4 protein chains.
Amino acid sequence: MTELAPSTRSRVLAALRDQRIETASWAFGNSGTRFKVFAQPGVPRDPYEKIADAATVHRFTGVAPTVALHIPWDKVDDYAALAAYAKEQGVALGAINANVFQDDDYKLGSVTNPDPAIRAKALAHLIECVDIMDATGSRDLKLWFSDGTNYPGQDSIRARQDRLASALSATYERLGDDQRMLLEYKLFEPAFYMTDVPDWGTSYAHCLQLGDKAQVVIDTGHHAPGTNIEFIVAFLLRAGKLGGFDFNSRFYADDDLMVGSADPFQLFRIMQEIVSADALNPAAGIAFMLDQCHNIEPKIQAVIRSVMNVQEATAKALLVDAPALAAAQENGDVLEANAALMDAYHTDVRPLLRELRADQGLDPDPIAAFKGSGYYETVQAARVGGEAAGWGA
Amino acid sequence: MTELAPSTRSRVLAALRDQRIETASWAFGNSGTRFKVFAQPGVPRDPYEKIADAATVHRFTGVAPTVALHIPWDKVDDYAALAAYAKEQGVALGAINANVFQDDDYKLGSVTNPDPAIRAKALAHLIECVDIMDATGSRDLKLWFSDGTNYPGQDSIRARQDRLASALSATYERLGDDQRMLLEYKLFEPAFYMTDVPDWGTSYAHCLQLGDKAQVVIDTGHHAPGTNIEFIVAFLLRAGKLGGFDFNSRFYADDDLMVGSADPFQLFRIMQEIVSADALNPAAGIAFMLDQCHNIEPKIQAVIRSVMNVQEATAKALLVDAPALAAAQENGDVLEANAALMDAYHTDVRPLLRELRADQGLDPDPIAAFKGSGYYETVQAARVGGEAAGWGA
Amino acid sequence: MTELAPSTRSRVLAALRDQRIETASWAFGNSGTRFKVFAQPGVPRDPYEKIADAATVHRFTGVAPTVALHIPWDKVDDYAALAAYAKEQGVALGAINANVFQDDDYKLGSVTNPDPAIRAKALAHLIECVDIMDATGSRDLKLWFSDGTNYPGQDSIRARQDRLASALSATYERLGDDQRMLLEYKLFEPAFYMTDVPDWGTSYAHCLQLGDKAQVVIDTGHHAPGTNIEFIVAFLLRAGKLGGFDFNSRFYADDDLMVGSADPFQLFRIMQEIVSADALNPAAGIAFMLDQCHNIEPKIQAVIRSVMNVQEATAKALLVDAPALAAAQENGDVLEANAALMDAYHTDVRPLLRELRADQGLDPDPIAAFKGSGYYETVQAARVGGEAAGWGA
Amino acid sequence: MTELAPSTRSRVLAALRDQRIETASWAFGNSGTRFKVFAQPGVPRDPYEKIADAATVHRFTGVAPTVALHIPWDKVDDYAALAAYAKEQGVALGAINANVFQDDDYKLGSVTNPDPAIRAKALAHLIECVDIMDATGSRDLKLWFSDGTNYPGQDSIRARQDRLASALSATYERLGDDQRMLLEYKLFEPAFYMTDVPDWGTSYAHCLQLGDKAQVVIDTGHHAPGTNIEFIVAFLLRAGKLGGFDFNSRFYADDDLMVGSADPFQLFRIMQEIVSADALNPAAGIAFMLDQCHNIEPKIQAVIRSVMNVQEATAKALLVDAPALAAAQENGDVLEANAALMDAYHTDVRPLLRELRADQGLDPDPIAAFKGSGYYETVQAARVGGEAAGWGA
């Protein structure tokens, strides 16, 4: 990396030093597909142990100081105690993720269910999540609805939109001044014919209707084949409606693999839109969150790798020679403009990130350091008995 | 069809009698793929001959009284004369389709081109189209932009949105009180990396910004695989932002086959959303247009078949037992609700449509009548010499 | 249906009378997505109760006389007793489906696992399935492997093919003279990066290598978007390598919805290839099986509806005027050839099927008859306590 | 790159020195989409000028010593003279690409056309291409058929397979001892409903039937969304049936962009399969060809960039620590195995390639060298008048 100009180097390092990536409590628990959940040893058994794992990720990477919770999976009696424990471990509680898809009542939907009693129950859960945010000090309420239908005619698309709008509005009203609602969209799964919030347009339209505290969150695995995700990023940034990301990778559907593992060039392009809009800094208010399932690989190590993948894509995006890119674009020089992007992408930024970590007093190689720390062996020995955390708890 | 209750029968027939489908002038000219345009005999050589063909379609179907024009392909010196000719033939001029994709200047875009001079030229064309609308009495300006980029980095996604918004706004300002702008979207082609209006969300957001006279038009072939088009129909109808359709069929990309030929059940579901929102009647302001390419099949006959396919899907949608459907939906009876839809879909509505045509003084079998009319043989004999119309003219 | 020529009518009715559709034991148990399995009342608790449900489907449809088993889900000590019970109920045991995806050992694959001990275990299960076939008298061993990898580099694609070939060969050797191996393929899920048998080409190549008793089975939900399934049907029929179908519907991925519910026109086209190759008759050896998940709808009723959907698609395929179709094809008359197909598709065949059922002493309306029979209420009352069957048991 | 062990370095450099990439004559001519062909200045007007451009690419890259021809686009009276000219320019003539898609007769297909006279004409062209191979000394006959149908029912899928098999067989018989037939497949376009050779399985099955001189060629843009191309590479290599590649990039359909520009990680994975099967060396007989359309970017520069992209992906593939990868795979260490691949991919190999070029007496920066050479300016000035080459000539 000796070829980097000193000013570039310091600019890039400064930006990387400020970067923040939020991990997800549920990524440390067991997960799988409809065919099988393969249990892993050492998996946390309660929210405290999940936070301990998340704090471990932060200890080795230095850029993952918050951890998102999923309610009711992470329900506890005393959120202040949980927050205090997190603080002790060196992290803070992040976004609250509502869950209205795992109760038998939600077979035909939650807030869009044809049955008003079930809708009321789902709404009560959303409101409860805001109560929890008050207790945890979380800024963001993340809403993903599995609501939809499996068969044409099963329910009225339009009526369900009305019900959705009503629940969103009631929840929005409950938000405090410093709280936000992040509305996720997803093409399909678990609903197979029609999903009530299938795409960014639907989420955007509802957020626009709701007001400034409602914003769109992009899960990188929730799109139709061929969707240009960085276009959506650029569009929402321009419109002031991008709230954040749920990062992960996919080859086919919502595979929830490690971010950057399926199409690292796409991740770079996404981060390039972020950087070019000056939206990387935490002050810009974009939440960069991981939402992944480590079905077959060791979970903590996979989260560390994922954090590193985001860092590497970001470093490459920061290396783009913006004036050269802009000049080529203005000149209509297709190949030079493309080359300006590719030059940054092809750069090996790992030495720069090792340097960043050394500067921060971290081991330059987080994976090796984690493996050498004995943490994984310790929790495998300690976390015996009890019920391993998973998507049901 | 003896089982239809008389009240149902008369309701359905009345709705079908009022239905209007707009044909497209360019569907009668030669078309093809990048690999080859296979010329057909008897193809029109100018806008007058295209109108004659469109009038023939109307003569045999009774529900296609307007024909859309494409500028500059249908440019004439005297639009009043063209309109008068159409009237003589029994049809009227419909939507004006702008074309900013076939000039060498538009290699890197039209209204989003990095070069301001080219943007100005493109905008001037849009304004010219409104001038033509004034002359033809057309209500709708249909805008499809081929604009986009082929390579990552080629141009700034955000800057192109700014340029797009600016051109749309200037064109919108030019519209008269009774004129509308219909903004089309398309996932890809001819741009391969990024399209400036790739999805309904982008079109919707711009239309919302512009005002009431701007609405979204759905081309049924312009979506990513797996997109639920009837969801978009329902959503836009609910939002008051659906301006119309460009009907056609696709198996893979924007194949532009005859509407209803690839997935007739999807067409039925789309029409069912229209019917259930009471948006079929011309007074609702939805433009039902065909936008197809008959690359290998005889063109006039293909358009007649397409019109009939839309009629049949509509008739089936009108047969849905709406109260039974709503009751099953409210009860959460998935299979009964689905069955209510499928019962209508599986009904053979062709006898009903034959009856409708007989009532209107038409031949019950438009294809046979057209074939027997000698029209095709006549134009094949007459249209010799000159340059056959195609996408270039 | 008065317009059908008597000879057509009797030909079609005769073919429909001989049609056989195999149900799947697991379709009657609980199922769901990775997000949630919504338990249903009255679900079977053991293979005997599943067979009772399958027999109920046959009782009301008359064309579903066999039921496929899934091992180990349907493991019993005494298969002769199970077969005898089935016979009592009016059905017979059908294909044996091996299951090498639900043991913790199979996290990185079964027959393609890098660990030879796990491969041996998986192979032993396949051999055990043939033992069971000997006991049940089943003709077909259906093999679906969830094997694959989630991350590039995770394992050697080529080495896994070698391991697969080896296990298939050993299993093939074990088959009796009247037994077949049906090798299924699937694009993805549960593996997300690479599946060891992802497409028909892979299955075909292995079957060719193995010999005449190995054939390809097509699951209609296992393809990439845009795949023309009837092409595969036609190709495999021509090559003598089509063993059968796992029927279901999908909008996006492997949704496992009721066959004919997502794209009834596609199902018709598939059946048209079958009919045109004279492969409908049981003597042709094609196994027509259902493989579906009724996650949110009542299961027995959904299976009855699915059987009826296959019947209706078949009836339409049988109505195609084959000589007219062939003549139009030979003449290169695109629209007439297409119309020959569409005319059959648009025909309402439900009256014909009602007539067929009445001829066979069945209720013309199987859904209404089932609903009126009290069977569902009876099993809901009786099947209380115990563990409901699902994908784990 | 100082960290590379000397033995690795010399191994990698040796392999890169032997690499051969074939360019395509038609890439230097004008191309576009069905919407518009944007003409570029300086485009060749005949096969000689195309060869001059191809030779220029070789002069600056050193690894592109052959150029493929397309018949009839590159038809000349005297192929010996053309070959001699190529030799003078420093290149040789490569594969002969047959073209049976641009004659009006081929509207409904070429070798699969329902009309026997048209089939005979198409076959005669294929045979003529072998005649030309005899004259040019080309080893490979590359066959891509645009044949297919646009509408269900249009023609018999099975009958078309019979016709295809017959034409392939007759052509195969005509091949000399040192000649091969490479059979390409493509999902769709220009046919929209059914393509006669849609996937690798179809091509493989025909090649197997034909014999050892028939092999499959993979065009990287011809697959359904979600297809794992490197699986096909690995499978065909294992089966001894991979003949070569048509390299290009796609985001959606067959976009024909510069190879490595849309998903560079995929290109790396493909080359990693090649390298791991020891199939990179020309002696392995795999033809690495470019098949691209430079619709909006300068063509020669784009081809140089494409060649470099293949080189870079190959260099990364060569850097994979094969023993470490194999060990991690055998241990079932998912993350280490993936990391072994990613480590190579993230390495910046551009310094190594600059070194390779310097060793070969080339400019380390081919793009800059080409731009500085004045070649493009010269041909722009010289190639005025006449008809620019394109897909029609």
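Residues numbered from 1 in each chain as written. Chains lettered and ligands numbered in written order. Predicted model: local features only at pLDDT ≥ 70, side-chain atom pairs only at ≥ 80, totals over all residues. Heavy atoms only, no water.

Chain A is annotated in an unreviewed UniProt entry as L-rhamnose isomerase/sugar isomerase of Asanoa ferruginea.

Visitor: Is there a simple way to explain the overall build of chain A in this structure?
Guide: Within chain A one finds 14 helices and 10 strands. Of the contacts made within chain A by residues no fewer than 6 positions apart, 78% connect residues no fewer than 24 positions apart. Counting only carbon and sulfur atoms, one obtains 50% of the accessible surface of chain A, whose full area is about 12,100 Å². Averaging the positions of the 35 positive and the 53 negative side-chain charges in chain A gives two centres separated by 2 Å. (Helix = DSSP H or I, 4+ residues; strand = E, 2+ residues; numbered from the N terminus. Contact = heavy atoms within 4.5 Å. Areas by Shrake-Rupley, 256 points an atom, 1.4 Å probe, with all protein chains shown as cover. Lys, Arg positive; Asp, Glu negative; His and termini not counted. Charge placed at Lys NZ, Arg CZ, Asp CG, Glu CD.)

Visitor: What is the right way to look at the packing of aromatic side chains in this model?
Guide: Pairs of aromatic rings are described using the distance from one ring centre to the other and the angle between the two planes. Within this structure, the stated rule accounts for 90 aromatic pairs over all chains. Measuring from centroid to centroid gives 5.7 Å for A:F245 and A:F288, while their planes differ by 15°, and the two rings are stacked. Separated by 43 residues along the polypeptide, A:F245 in strand β9 (residues 242–247) and A:F288 in strand β10 (residues 287–290) bring together distant segments of the chain. In this structure A:F245 comes out as buried when scored by relative accessible area, which is 0%. Ring plane angle 35° and centroid distance 5.1 Å describe the contact between B:F35 and D:W391, whose orientation is recorded as tilted. Here B:F35 is found in the loop between β1 (22–24) and α2 (47–61), whereas its partner D:W391 is found in the segment after α14 (375–382) on a different chain. Ring-pair connections join several aromatic residues into one group, and the members of that group are A:F265, A:F268, A:Y345, D:F265, D:F268 and D:Y345. Its end group placed over the ring of B:Y106, B:K121 keeps NZ or CZ at 5.7 Å from the ring centre. One residue, D:K213, lies across the ring of D:Y172, its end atom 5.6 Å from the ring centre. (Phe/Tyr/Trp six-rings, centres within 6.5 Å; stacked < 30°, edge-to-face > 60°. Buried < 20%, exposed > 50% of the residue type's maximum accessible area, 1.4 Å probe, protein only. Lys NZ or Arg CZ within 6 Å of the ring centre and 35° of its normal.)

Visitor: Looking at this model, I keep getting lost on the interface of chain A and chain C. Mind explaining?
Guide: Frequently, the measure chosen for interface size is the accessible area removed from exposure when the parts meet. Listed by partner, the interface residues are 43 residues for chain A and 43 residues for chain C. Summed over both partners, the interface of chain A with chain C buries about 4,000 Å², with 64% contributed by carbon and sulfur atoms. Ranking the residues of chain A by area buried against chain C places A:R34, A:F35 and A:Y151 at the top, with a combined share of 22%. Two residues, A:R34 and C:D254, come together in a salt bridge whose shortest N-O distance is 2.8 Å. Class assignment for the residues of the side of chain A that touches chain C results in 24 nonpolar, 8 polar and 11 charged. (Buried area = accessible area lost by both parts, 1.4 Å probe. Salt bridge = Lys/Arg side-chain N within 4 Å of Asp/Glu carboxyl O. Nonpolar A, V, L, I, M, F, W, Y, C, P; charged D, E, K, R; others polar.)

Visitor: I keep staring at the relation of the copies chain A and chain C and nothing clicks. Help me out?
Guide: By a simple turn and slide, chain A fits onto chain C: the slide is 0.0 Å along the axis, the RMSD is 0.0 Å, and the turn is 180°. Each copy turns onto its partner about a two-fold axis. In terms of C-alpha distance to the rotation axis, chain A has A:R34 as its closest residue, with the C-alpha 2.2 Å off the axis. Both copies share a contact surface, since 100% of the interface residues of chain A are interface residues in chain C too. (Least-squares fit on C-alpha atoms with pLDDT ≥ 70 in both.)

Visitor: Mind showing me how you'd approach helix α8 (residues 264–276) of chain B here?
Guide: Residues and elements named next belong to chain B. Spanning 13 residues, α8 covers 18 Å between terminal C-alpha atoms, matching the ideal 18 Å at 1.5 Å per step. Among the residues of α8, P264, F265, Q266, L267, F268, R269, I270, M271, Q272, E273 and I274 are the ones counted as buried. A positive backbone phi angle near 55° is found at D278, which sits one or two residues after α8. (Expected span 1.5 Å × (residues − 1).)

Visitor: Please clarify how the interface of chain C and chain D should be interpreted in this entry.
Guide: At the junction of the two partners, chain C supplies 49 residues and chain D supplies 49 residues. Of the roughly 3,900 Å² buried between chain C and chain D, counting both surfaces, carbon and sulfur atoms make up 65%. If you sort the residues of chain C by the area they bury against chain D, C:R158, C:F231 and C:R238 come out on top, with a joint share of 17%. Counting across the interface, chain C meets chain D through 2 salt bridges. One salt bridge in this structure joins C:R238 and D:D162, with 2.6 Å as the shortest N-O distance. On the surface where chain C and chain D come into contact, there are 12 residue pairs in polar contact (both at pLDDT 80 or more). (Polar contact = N/O pair within 3.5 Å; in protein donor to acceptor, adjacent residues only side chain to side chain.)

Visitor: Explanation requested: the packing of helix α8 (residues 264–276) of chain D against helix α11 (residues 334–346) of chain D in the structure shown.
Guide: Helix-helix packing: each pair is described by the crossing angle between the helix axes and the interaxial distance. Residue and element names in this part refer to chain D. Two numbers describe how α8 lies on α11: the axes approach to 11 Å, and their chain directions differ by 115°. In terms of crossing hand, the pair formed by α8 and α11 is right-handed. Side by side, α8 and α11 meet where P264, F265, F268 and Q272 of the first sit next to L341, M342, A344 and Y345 of the second. By residue class, the composition of the contact of α8 with α11 is 7 nonpolar, 1 polar and no charged. (Axes fitted to C-alpha atoms, helices over the stretch in contact; angles between N-to-C directions. Left-handed = near helix turned anticlockwise from the far one by under 90°.)

Visitor: Is there a simple way to think about the environment of A:L341 in this case?
Guide: Mapped onto the elements, A:L341 comes out in helix α11 (residues 334–346). Excluding residues that lie within four positions of it along the chain, A:L341 makes contacts with A:F268, A:Q272, A:V320, A:L325, B:P152 and B:G153.

Visitor: What is the right way to read the pairing of strand β9 (residues 242–247) of chain B from this model?
Guide: Successive residues of a regular strand alternate their side chains across the two faces of the sheet. Residue and element names in this part refer to chain B. Counted residue by residue, β9 has 6 buried out of 6 residues, so it is predominantly covered. Taken together, the 4 bridges between strand β8 (residues 214–219) and β9 define a ladder with parallel strand orientation. Bridging from a neighbouring strand, I218 pairs with F245 of β9. Taking the sense of rotation as the criterion, the β-α-β connection linking β8, helix α7 (residues 229–239) and β9 turns out right-handed. (Pairing = 2+ DSSP bridges. Right-handed = clockwise from strand over helix to strand, strands pointing away.)

Visitor: Quick question: what am I supposed to make of the pattern of salt bridges here?
Guide: If the charged atoms of two oppositely charged side chains come close together, the side chains can form a pair. All names here are of chain B. Counted under the stated rule, the structure contains 112 salt bridges over all chains. For D155, the salt bridge is made with R163, and the minimal N-O distance between the two is 2.9 Å. Residue D155 is classed as buried on the basis of its relative accessible area of 7%. Exposure remark for R163: the relative accessible area of 16% places this residue in the buried category.

Visitor: Please explain the relation of the copies chain C and chain D as it appears in this structure.
Guide: What relates the pair of chain copies is a rotation about an axis plus a shift along that axis. Of the transformation placing chain C onto chain D, the axial shift is 0.0 Å and the rotation is 180°, giving an RMSD of 0.0 Å. Mapped onto chain D, 100% of the interface residues of chain C are again interface residues, and the two copies thus contact each other with one and the same surface.

Visitor: Hey, could you run me through unusual backbone geometry in this one?
Guide: For residues besides glycine, phi is generally negative; the peptide bonds are generally trans as well. Geometrically, the link from A:I71 to A:P72 is a cis peptide bond, its omega value of 20° lying close to zero. Within the element layout of this structure, A:P72 appears in the loop between β2 (66–71) and α3 (79–89). Positive phi is not limited to glycine here, since B:E189 has a value of about 75°. Position of B:E189 among the secondary structure elements: in the loop between β6 (180–184) and β7 (194–195).

Visitor: Quick question: what am I supposed to make of the packing of helix α10 (residues 322–330) of chain B against helix α11 (residues 334–346) of chain B here?
Guide: Residue and element names in this part refer to chain B. It is the contact of α10 with α11, at a shortest axis distance of 8 Å, that shows an interaxial angle of 160°. In terms of orientation, α10 and α11 fall into the roughly antiparallel class. Crossing geometry of α10 relative to α11 is assigned as left-handed. On the side of α10, the interface is formed by L325, A328 and Q329, while α11 contributes E336, A337, A340 and L341. In the contact of α10 with α11, the residues fall into 5 nonpolar, 1 polar and 1 charged. (Parallel < 35°, antiparallel > 145°, perpendicular 65-115°, else oblique.)

Visitor: Explain the state of the cysteines here, please?
Guide: Note: disulfide means a covalent bond formed between the sulfur atoms of two cysteine side chains. Residue and element names in this part refer to chain C. Counted under the stated rule, the structure contains 0 disulfides over all chains. Free cysteine C207: the closest other cysteine sulfur is in C129, separated by 17 Å. C207 sits in the buried class, given a relative accessible area of 0%. (Disulfide = S-S within 2.5 Å.)

Visitor: Any chance you could explain the environment of B:G32 here in plain terms?
Guide: Residue position: B:G32 is located in the loop between β1 and α2. Separated by 264 residues in the primary sequence, B:G32 and B:I296 place their C-alpha atoms 8.1 Å from one another. Ignoring sequence-local partners within four residues, the contact set of B:G32 consists of B:V37, B:N295 and D:R34.

Visitor: Help me understand the side chain of B:D196, please; the structure alone is not making it clear to me.
Guide: The topology assignment puts B:D196 in the loop between β7 and α6 (200–210). Judged by relative accessible area, B:D196 falls into the buried class, the value being 1%. Only 3.0 Å separates the side chain of B:D196 from the side chain of B:R160, close enough to count as a polar contact. In contact with B:D196, other than residues within four places in its own chain, are A:F231, B:T112, B:D147, B:G148, B:R160, B:Q161, B:L164 and B:T202.

Visitor: Would you explain the side chain of D:N99 in this entry?
Guide: Residue and element names in this part refer to chain D. Secondary-structure assignment places N99 in the loop between β3 (92–98) and α4 (116–136). A polar side-chain atom of N99 sits 3.5 Å from the main-chain amide nitrogen of Q102. If sequence neighbours within four positions are ignored, N99 has contacts with H70, I71, P72, W73 and H125.

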